[in-house]
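Residue-level structure breakdown
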Amino acid sequence: MAEGHAAEAVDTDICVVGGGPAGLTLALLLLKSGVRVAVVERSRAHQREFRGEILQPGAMRLLDELGVLAGARTRGCHEHQRFRLVERDRALLDIDYRSLPAPYDHLLSIPQAHVLDELLLHCGKFEGFSYLDGRRAGGLVKDADGRVTGVTADGPSGKLTVSAHCVVAADGRFSKIRRLAGIEAGRSDVFDLDVLWFKLTVPSGGSDRERDVRVFRAEGAPVLAYDSWPDKVQIGWTLPHGGYQEVVAKGLEHTKEELAKAVPPYADLIREQITSLKDFTLLDVFSGRADTWAVDGLVLIGDAAHTHSPIGAQGINLAIQDAVLLHPILVDSLRRGDASAAVLGAFEERRAADIATVMRTQRMQSKAMLAHGAFATRVRPKLAAILKHTPAYGKILRKIAYGNPTIAIAGELFVE
């Protein structure tokens, strides 16, 4: 692996800004195809909080084909067999992943750092890889015609310039590169909610219990909960959009009691372990689709191109599929010496319908899981029970689990 932090200038084929699942998966695919790649990542040693931990079967399959999944699992994970919507002692919705074909017949709760570390390990085997961590991208380099030809970044050793055939913005939903390119995020507040995240430590002996990803519904706002490796449970409390200030105004003890009522299995742990409002992290939930995903010399990927709700655990699934789909487009662009918006725009053309489908599905899921009223409490459980015995149930489950199943790794482009 190149010692990127010691260099003042780097020349490469593809510069990826953002070392998350999308950026590093794309980097590995390109490296396997003989392409030089530099990844600019602002954090060091994953020194940031990751909330996305659930891998859907579609993402597991692709990571497995890349030889990454087994090593990531060895670092530590939990399997979850079902997704359940629970109200008091009644399951309003029970989606069983065990009905899918093995070996990807479950959800996988795995720290994102485990996946990223394994991806980095594989990328580091290639001489053409430069990992420039601790660098905050701050500018775009353009030629006389306005085409993006690289980025500038600040880091521990000063300013760095990365020159490349193409820049890939994989720097998340608040993408700095997207903003520098003058591309609007296309934000839409269709979900009208925020999520207050926190983790609790599970007592010794709790690791043998049955594991499900659950949404608890009570009189208050729904709460998501699932086991997080090694001995934690991750909880997300849904609040009305902008409602956090109202929660804070009522004090910490009131907040703890509301949560204790919403998730009875964790009531005692909440009362014992939450000691400050600093134990919470607020996630602003919105969806968005950037106005365009490509300009000359630059293409957006993952959350930088399209942002989603955490409902349905689609984030990492979509990011990895994006990388797989963009990979052959970039290889072709490099071979042709053409990084124009017309060439790079093929990514948006091929991916747009999938993203539109996910956004529609998430809106439906939000209404189905989070809504209150007569439909929520009486009609929905009966419809869910009927649906489970129809062909539509399997179709919906496969759509959520796999996304677009036709997306496949272009292994014929690998040169190793």
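Residues numbered from 1 in each chain as written. Predicted model: local features only at pLDDT ≥ 70, side-chain atom pairs only at ≥ 80, totals over all residues. Heavy atoms only, no water.

1. With respect to the pairing of strand S11 (residues 148–155)
The criterion, for reference: The cut-offs for exposure are 20% and 50% of the maximum accessible area for each residue type, with area from a 1.4 Å probe on protein chains only; residues under the lower value are buried, those over the upper are exposed, and the others partly exposed. Only DSSP runs of H or I with at least four residues qualify as helices, and only runs of E with at least two residues qualify as strands; both kinds are numbered from the N terminus onward. Only strands that DSSP links by at least two bridges are regarded as paired with each other.
Counting buried residues in S11 gives six out of eight residues, a clear majority hidden from the surface. The pairing of strand S10 (residues 136–142) with S11 spans six bridges and is classified as antiparallel. When the bridges of S11 are listed, Arg136 appears paired with Asp154. Linking S10 to S11, which pair antiparallel, is a turn of five residues; within it Gly146 sits at a positive phi near 85 degrees. Where S11 lies against strand S12 (residues 158–163), six bridges are found, and the strand directions are antiparallel. Bridge pairing in S12 places Ala153 opposite Leu160. Taken together, S11 and the strand that follows it, S12, pair antiparallel across an intervening segment of two residues.

2. What about the packing of aromatic side chains?
What counts, and what does not: Here a pair means two rings of Phe, Tyr or Trp (six-membered ring of Trp) with centres within 6.5 Å. Their orientation is stacked below 30 degrees between planes, edge-to-face above 60, and tilted elsewhere.
Inspection of every chain in the model, using the stated rule, returns three aromatic pairs. Ring centres of Phe129 and Tyr131 lie 6.1 Å apart, and the angle between their planes is 25 degrees; this geometry places the pair in the stacked category. A relative accessible area of 9% places Tyr131 in the buried class. Between Trp293 and Phe347, the aromatic rings sit 5.5 Å apart at their centres with planes inclined by 45 degrees, giving tilted as the arrangement. Of the two residues, Trp293 is situated in the loop between strand S20 (287–289) and strand S21 (294–295) and Phe347 in helix H11 (residues 346–370); the sequence distance between them amounts to 54 residues. By relative accessible area, which is 0% here, Trp293 ends up buried. On the basis of relative accessible area, Phe347 is assigned to the buried category, the value being 0%.

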